Amino acid sequence: MNLRMHAELADVWDDFEADDDMWVAVLSGAGDRSFSVGQDLKELAGREQAGTAAPSSFGSRGKPGWPRLTERFDMVKPVVARVQGYALGGGFELALACDIVVASEDASFALPEARLGLMAGAGGVFRLTRQVPWKTAMGHLLTGRRMTAGRAYELGLVNEVVPAADLDTCVEGWVTDIVRCAPLSVRAIKEAAVKASTLPLDEAFTAHYPAEERRMHSKDAVEGPVAFAEKRAPRWRGR
């Protein structure tokens, strides 16, 4: 991922968030070798040697593509990661930022930044320690060791692991199930789950959730029960 790619991806995510007709995104690497191997280190080395690379730590503020997916904390639409091959460094951080991860059996994950004198500053340090047991997370962060897709599944980082030949079908199944649900409900659920994850339980019940306010007063909130009573498929409009 070079600076140009980050800038282009920001436009993609802006379009996705702004278009009410887009209900879910699937993030995938091109080809079958890797999902993403992270930052373009050759570009970084070139900028370091040219003296144009400023010291960098956490986040992307002030850099091309800000806010990147890893920092779009208010994004309420679901994002599915389709992971085949390597998901390393920033690639693993992208997967950690997605809501659902489907991986091929040949996928592997790692945060190798410590081996490179770098920092998993796109959320890897923060998300991995929240999504798996502490000792497990530290073991991978402090060594850069890789984990297989099967191990990632065991740890709950991946929703499903399938043969590479079945990956697209599996992803399609998850997307189909998501779009079968009311889009405003999906967004409200994601918003509430993310926001409440850092709140005490009593505060979670009383916090303000804008997406839930929209869902609660929507026509879809009426359509769902009516369709159930009439024994027909609901017609979601996202309104």
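Residues numbered from 1 in each chain as written. Predicted model: local features only at pLDDT ≥ 70, side-chain atom pairs only at ≥ 80, totals over all residues. Heavy atoms only, no water.

(A) Seen up close, the overall build of the protein. The number of helices and strands found in the protein is eleven helices and eight strands. In terms of overall dimensions, the protein is globule-like: its C-alpha atoms have a radius of gyration of 19 Å, near the 18 Å expected for 239 residues. Along the three orthogonal principal directions, the C-alpha set of the protein runs to about 65 × 40 × 35 Å. Relative to its full complement of 239 residues, the protein shows a buried share of 41%. When the accessible surface of the protein is split by element, carbon and sulfur atoms take 56% of a total near 13,700 Å². Taken together, the 29 basic and 33 acidic charged side chains of the protein have centroids lying 2 Å from each other. (Helix = DSSP H or I, 4+ residues; strand = E, 2+ residues; numbered from the N terminus. Rg over C-alpha atoms; globule rule 2.2 N^0.38 Å. Buried < 20%, exposed > 50% of the residue type's maximum accessible area, 1.4 Å probe, protein only. Areas by Shrake-Rupley, 256 points an atom, 1.4 Å probe, with all protein chains shown as cover. Lys, Arg positive; Asp, Glu negative; His and termini not counted. Charge placed at Lys NZ, Arg CZ, Asp CG, Glu CD.)

(B) Fine view of the pairing of strand 5 (residues 100-104). Of all five residues in strand 5, five are buried, a share of seventy percent or more. By the alternation rule, side chains of strand 5 split into Ile-100, Val-102 and Ser-104 and Val-101 and Ala-103, which are all buried. Of the pairings in the sheet, the one linking strand 3 (residues 79-83) to strand 5 comprises four bridges and is parallel in character. Looking across to strand 5, one finds that Arg-82 is bridged to Val-102. (Pairing = 2+ DSSP bridges.)

(C) Main features of the packing of helix 4 (residues 124-131) against helix 5 (residues 134-143). Remark: helix 4 packs on helix 5, axes separated minimally by 7 Å, with the N-to-C direction vectors making an angle of 145°. Between helix 4 and helix 5 lies a crossing whose hand is right-handed. Contact residues: helix 4 offers Gly-124, Val-125, Leu-128 and Thr-129, while helix 5 offers Trp-134, Ala-137, Met-138, His-140 and Leu-141. Partitioned by chemical class, the residues of the contact of helix 4 with helix 5 number six nonpolar, three polar and no charged. (Axes fitted to C-alpha atoms, helices over the stretch in contact; angles between N-to-C directions. Left-handed = near helix turned anticlockwise from the far one by under 90°. Contact = heavy atoms within 4.5 Å. Nonpolar A, V, L, I, M, F, W, Y, C, P; charged D, E, K, R; others polar.)

(D) Main features of the sheet that holds strand 6 (residues 108-110). Read from one edge of the open sheet, four strands run 2-4-6-7, paired in mixed fashion. Each end of this open sheet is capped by a strand with a single partner; those strands are strand 2 (34-36) and strand 7 (147-148). Strands strand 2, strand 4 (86-88), strand 6 and strand 7 of the sheet are contacted by helix 3 (residues 90-97), whose axis makes an angle of about 90° with strand 4.

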